[in-house]
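Now for the letters of each chain:
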Amino acid sequence: MKRARAGEKLTIGFLGGSITQGSLSSTPQTCYAYLVYSWWRENFPMADVFYINAGIGATTSQFGAARAEEDLLSYKPDVVFLEFSVNDESNAHFLETYEGLARRVLSDEAAPAVVLIHNVCYDNGASAQLMHAKVGRHYDLPCVSMQSTIYPELLAGRIENRAITPDDLHPNDAGHELVASVITYYLDTVRERMETFDGQNEAVCENDSAEYVKNASVTDRANSLPAPLTANTYEHSIRYNNKNGMTVEVEGFVKDTRKQNGITDIFKNGWEASAQGAHIVFSLEGTGVSVQFRRSVNQPAPIAEILVDDDPTTRTILDANFDETWGDKLDLLTVTEHMPRAVHRVEVRLIETHEDDVVAFYLNAILMAD
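Residues numbered from 1 in each chain as written. Predicted model: local features only at pLDDT ≥ 70, side-chain atom pairs only at ≥ 80, totals over all residues. Heavy atoms only, no water.

1. Topic: the layout of surface pockets
The line we're drawing: Every definition here rests on a 1 Å grid over the protein atoms only: cavities are sets of points where a 1.4 Å probe fits but cannot get out, pockets are open sets enclosed by protein on both sides within 12 Å along at least five of seven lines, and lining residues have some atom within 4 Å of a point. Grid points are joined across faces, edges and corners, and a volume is the space filled by probe spheres set on the points. Each helix is a run of DSSP H or I of at least 4 residues and each strand a run of E of at least 2, with the numbering of both proceeding from the N terminus. Residues are sorted three ways: Asp, Glu, Lys and Arg are charged, Ala, Val, Leu, Ile, Met, Phe, Trp, Tyr, Cys and Pro are nonpolar, and all the rest, Gly among them, are polar.
Here the second largest pocket is characterised by a volume of approximately 430 Å³. For the lining of the second largest pocket, the secondary-structure elements that each account for two or more residues are α2 (18-21), α4 (61-71) and β14 (329-336). Here the lining of the second largest pocket is composed, by residue class, of ten nonpolar, eight polar and four charged.

Here you go:
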């Protein structure tokens, strides 16, 4: 904020799921992320403020950690808001993936300020806040919670569910505005403390500003982070698609060479196959394997399996048939984790096809944990 007040260039970035992407807001400018970005522009008119929205619907912090560099950190953001508390489940696995994402952002050479956003399901209060807040406390990061602010107002009857959300998950315009107001209330308190401190002791403020600039320019923050809470195998996870995946054997799978139109154009840069027995083999290094593939509402669709190092205990079924109505899903399944670091053989094979399959099997990517 001191840099913004001085008229510097700032990039405000958001990484999250469908709520961050702006699902059910009537325009991109009425989603909470854009409204928070607008707060920076309005409160610091002398600053050059830029906006990066890296939200992708129906995705978790596990995918967020693998795509953080390409989709967000490559823009060198100065402030980052992370939002995955209604996408992650409240368990140890997502505590680890969320910590990996937070550490990935905190250790970036741009040393961005980080704010954690905890959204909530408005019908039952479900949220991964319990796990995610552990990361916030461990790394001394501000956490802004809808479970602790908006949800109690619904329980008390002072806010009607349908006034802010049509499905008890995704906010409408009024809901996005309410979420943004909780976040900007926190930002207002920080700005007011800064201004009050400035007025009370200019000399101390000058020293504080000098220390701030010194800290903000540190490029080795990764070395000063506390020891991780978890095994932390997802901080340096990598997504391998047809742009960087090292295939060693391909039969029946064809590269998708269509141009991707933005990060939310999700079924691109992968491989397609339709014939039973088609298979693709990768040679990739890491300690854990996850797979991304399309599950389609257009049925029937093929079914595949994935196998790591020919070990039958790793066999995982990839059913491309999706029994929902809201659209095709970019599914992410964890196949193995916490293995010894090594180069692993990863094979995906079609094991069931149908004469009347409506869509091909679409393999998006293999994710390797560090």
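2. Structural notes on the nonpolar core
Here is the rule: In this description, a nonpolar core means a group of buried Ala, Val, Leu, Ile, Met, Phe, Trp, Tyr and Cys residues linked to one another through side-chain atoms lying within 4.5 Å. For every residue, the accessible area (1.4 Å probe, protein chains only) is compared with the maximum for its type, and the residue is labelled buried under 20%, exposed over 50%, or partly exposed between those bounds. Contacts between residues were defined by any pair of non-hydrogen atoms, one from each residue, lying within 4.5 Å.
Counting residues in hydrophobic clusters, the biggest one holds 38 residues, and the most contacted among them are Y32, V36, W40, F81, M146, I150 and I183. Within the residue set of this core, elements represented by two or more residues are β1 (9-16), α3 (32-43), β3 (79-83), β4 (113-118), α7 (150-155) and α9 (173-200). For this core, the element with the most residues is α3, which contributes seven residues. Leave out the neighbours within four places in its chain, and Y32 touches F14, I19, T20, E83, I117, H176, V179, A180 and I183. If you look at the next biggest cluster of nonpolar residues, it comprises 27 residues, including F253, W271, F293 and L363.

3. Some points on the side chain of S107
To keep it simple, the criterion reads: Polar contact is defined as a pair of N or O atoms within 3.5 Å, subject to the rule that within protein one atom must be able to donate a hydrogen and the other to accept it, and that residues adjacent in sequence are counted only when both atoms are side-chain atoms.
Counting through the fold element by element, S107 comes out in the loop between α5 (92-106) and β4. A distance of 2.7 Å separates a polar atom in the side chain of S107 from the backbone oxygen of R103. A distance of 3.4 Å separates a polar atom in the side chain of S107 from the backbone oxygen of R104.

4. Some words on unusual backbone geometry
The omega torsion across Q299 and P300 is 5°, close enough to zero to call that bond cis. With respect to the secondary-structure elements, P300 resides in the loop between β11 (288-295) and β12 (303-308). Even without glycine at this site, A111 takes up a positive phi of about 50°.

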